[in-house]
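# Examination of the molecular architecture
What follows is each chain in one-letter form.
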Amino acid sequence: MTEEAEVVDSPKTPSLREDLMVLVKLRLNIFVLITAFFGFLIATLSGGEGWGLSRLMLLFNTLLGTAAAAFGASVFNQLMEIKEDARMRRTADRPLPAERVLPLPAFLLGWILSGFGVIHLAATVDRGASVLAAITIATYVFVYTPLKRRSSVNTLVGAIPGAIPPLMGWVGGGGA
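Worth saying up front: this structure is predicted, and the values here are computed from it rather than measured. (Residues numbered from 1 in each chain as written. Predicted model: local features only at pLDDT ≥ 70, side-chain atom pairs only at ≥ 80, totals over all residues. Heavy atoms only, no water.)

## Quick look at the packing of helix H6 (residues 103-124) against helix H7 (residues 127-147)
Put simply, H6 and H7 touch, their axes get as near as 6 Å, and they point 160° apart. With respect to their mutual orientation, H6 and H7 come out roughly antiparallel. Seen from H6, the contacting residues are Ser114, Val118, Leu121 and Ala122; seen from H7, they are Arg127, Ala129, Ser130, Ala133, Ala134 and Ile137. The class makeup of the residues in the contact of H6 with H7 is seven nonpolar, two polar and one charged. (Axes fitted to C-alpha atoms, helices over the stretch in contact; angles between N-to-C directions. Helix = DSSP H or I, 4+ residues; strand = E, 2+ residues; numbered from the N terminus. Parallel < 35°, antiparallel > 145°, perpendicular 65-115°, else oblique. Contact = heavy atoms within 4.5 Å. Nonpolar A, V, L, I, M, F, W, Y, C, P; charged D, E, K, R; others polar.)

What follows is the structure, given as structure tokens:
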């Protein structure tokens with residue numbers, strides 16, 4: 001085997017962009033945004049609202065705030081599970097346990113994203129959507145994540161932050 005073939009076969013270190021996508025759980029949170037979108041859509045259709053520029057901007061701001069809140073919660077979740085993730089083959093190569101991203105910058109990123117999401121929703125969408133985002137973050141980070149190591153009840157508790165994003169979309173779309 002030549003040296004060139006060995007280099008090609010060696011595992012590639014993820015880029016910072018790829019690490020950030022893993023840190024915010026982009027693939028998982030796309031589903032969060034889809035459910036928020038459908039909540040918004042149902043509120044819009046049931047309210048007889050049209051789809052003018054202001055409505056599209058409201059949808060954009062709802063999804064932006066929801067995404068930031070979900071991304072921030074995901075960062076905090078991974079910060080709380082660094083040691084556990086390092087022990088599992090499936091998660092050992094995540095940015096934090098693999099030490100490609102340090103905890104302090106990740107912590108700051110989690111705060112910036114979570115804070116931006118909650119504040120953005122309050123300022124541009126609806127205070128109710130903002131409160132729902134804060135409840136989602138708190139439940140996911142302070143109840144669901146610690147419970148994962150203690151009880152299978154975590155699955156039931158995890159349904160709460162999973163069910164709130166469509167409500168955020170509904171509220172953002174003008175649902176009562």
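## Section: unusual backbone geometry
The phi dihedral of lysine 25 falls on the positive side, at around 50°, and the residue is not glycine. Structurally, the position occupied by lysine 25 is in the loop between helix H2 (16-23) and helix H3 (26-46). Located in the positive-phi region is glutamate 99, a residue other than glycine, with phi close to 60°. Judged by relative accessible area, which is 65%, glutamate 99 ranks as exposed. (Buried < 20%, exposed > 50% of the residue type's maximum accessible area, 1.4 Å probe, protein only.)

## Points about the pattern of salt bridges
In total, this model carries six salt bridges according to the counting rule given. Between glutamate 18 and lysine 12 there is a salt bridge, and its shortest N-O distance comes to 3.2 Å. Judged by relative accessible area, which is 29%, glutamate 18 ranks as partly exposed. Residue lysine 12 is classed as exposed on the basis of its relative accessible area of 63%. One salt bridge connects arginine 100 with aspartate 93, and the closest N-O pair in it is separated by 2.9 Å. The network of salt bridges with common partners includes Asp19, Asp93 and Arg100. (Salt bridge = Lys/Arg side-chain N within 4 Å of Asp/Glu carboxyl O.)

## A look at the environment of phenylalanine 107
Along the chain, the position of phenylalanine 107 falls in helix H6. Assessed through its relative accessible area of 39%, phenylalanine 107 is described here as partly exposed. Sequence spacing of phenylalanine 107 and valine 157 is 50 residues, and the spatial spacing of their C-alpha atoms is 24 Å. Beyond its immediate sequence surroundings of up to four residues, phenylalanine 107 is in contact with Phe76 and Leu79.

## Points about the packing of aromatic side chains
Within this structure, the stated rule accounts for six aromatic pairs. Ring centres 5.3 Å apart and planes at 20° place the aromatic pair tyrosine 140 and tyrosine 144 in the stacked group. Taken together, the residues span about one helical turn, with tyrosine 140 and tyrosine 144 both in helix H7 at a distance of four residues. Here tyrosine 140 matches tyrosine 144 in class, with each residue buried. An aromatic cluster is defined as three or more aromatic residues linked by ring pairs; in this entry it consists of Phe76, Phe107 and Trp111. (Phe/Tyr/Trp six-rings, centres within 6.5 Å; stacked < 30°, edge-to-face > 60°.)

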